[in-house]
Amino acid sequence: MNIPSNLKYTKDHEWVLIDGDVATVGITDFAQKELGDIVYVEVETLDQTLDKDEVFGTVEAVKTVSDLFLPLSGEITEFNEDLEVNPEHVNSDPYGKGWMIKVKIANSSEVDELLSSEDYKALIGA
């Protein structure tokens, strides 16, 4: 299972890459394996400011539809539009081409509440 140590994680199985005041968000390798083949990613919150833990979109797999929860409060500034044509990137490259959104972080102290790679490994029993 791939759990990069340079990322932060949530209990909802999202990963977060912090770059200054911008966070890139996607779902973890564990999450994509649990969901199975992803066929659609929907994000209708572009240019909206949401609170931490609010639903920012959904990911649809062959078996199920799951909500995506915002790991940090802020404005959603970018959506990976490539996923509209190639949602399978979430399965094949969850930490690269499968990224979902970029968020302008509103409250940097929330970053401290995210899980480290070690904490995430413990959460999923890896």
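Refer to the preceding data block for the structure.
Residues numbered from 1 in each chain as written. Predicted model: local features only at pLDDT ≥ 70, side-chain atom pairs only at ≥ 80, totals over all residues. Heavy atoms only, no water.

**Quick word on the pairing of strand β8 (residues 74-79)**
Working step 1: Bridge count between strand β5 (residues 49-50) and β8: 2 bridges; the pairing is antiparallel. Across the sheet, Thr49 pairs through a bridge with Glu75, a residue of β8. (Pairing = 2+ DSSP bridges. Helix = DSSP H or I, 4+ residues; strand = E, 2+ residues; numbered from the N terminus.)

**Points about the environment of Asn91**
Working step 1: Its place among the elements puts Asn91 in helix α3 (residues 89-92).
Working step 2: In sequence terms Asn91 and Leu68 are 23 residues apart; their C-alpha atoms lie 15 Å from each other.
Working step 3: When residues no more than four places from it in sequence are discounted, the contact partners of Asn91 are Gln32, Gly36, Asp37 and Ile38.
Working step 4: At 2.9 Å, the side chain of Asn91 forms a polar contact with the backbone oxygen of Gly36. (Contact = heavy atoms within 4.5 Å. Polar contact = N/O pair within 3.5 Å; in protein donor to acceptor, adjacent residues only side chain to side chain.)

**So, a nonpolar patch on the surface**
Working step 1: On the surface, Val39, Tyr40 and Val62 cluster together into a nonpolar patch covering about 290 Å² of accessible area.
Working step 2: Taking the relative accessible area as the measure of exposure, Val62 reaches 63% and is therefore exposed. (Patch = residues over 30% accessible without salt bridge, like charges linked within 9 Å, V, L, I, M, F, W, Y side chains within 5 Å. Areas by Shrake-Rupley, 256 points an atom, 1.4 Å probe, with all protein chains shown as cover. Salt bridge = Lys/Arg side-chain N within 4 Å of Asp/Glu carboxyl O. Buried < 20%, exposed > 50% of the residue type's maximum accessible area, 1.4 Å probe, protein only.)

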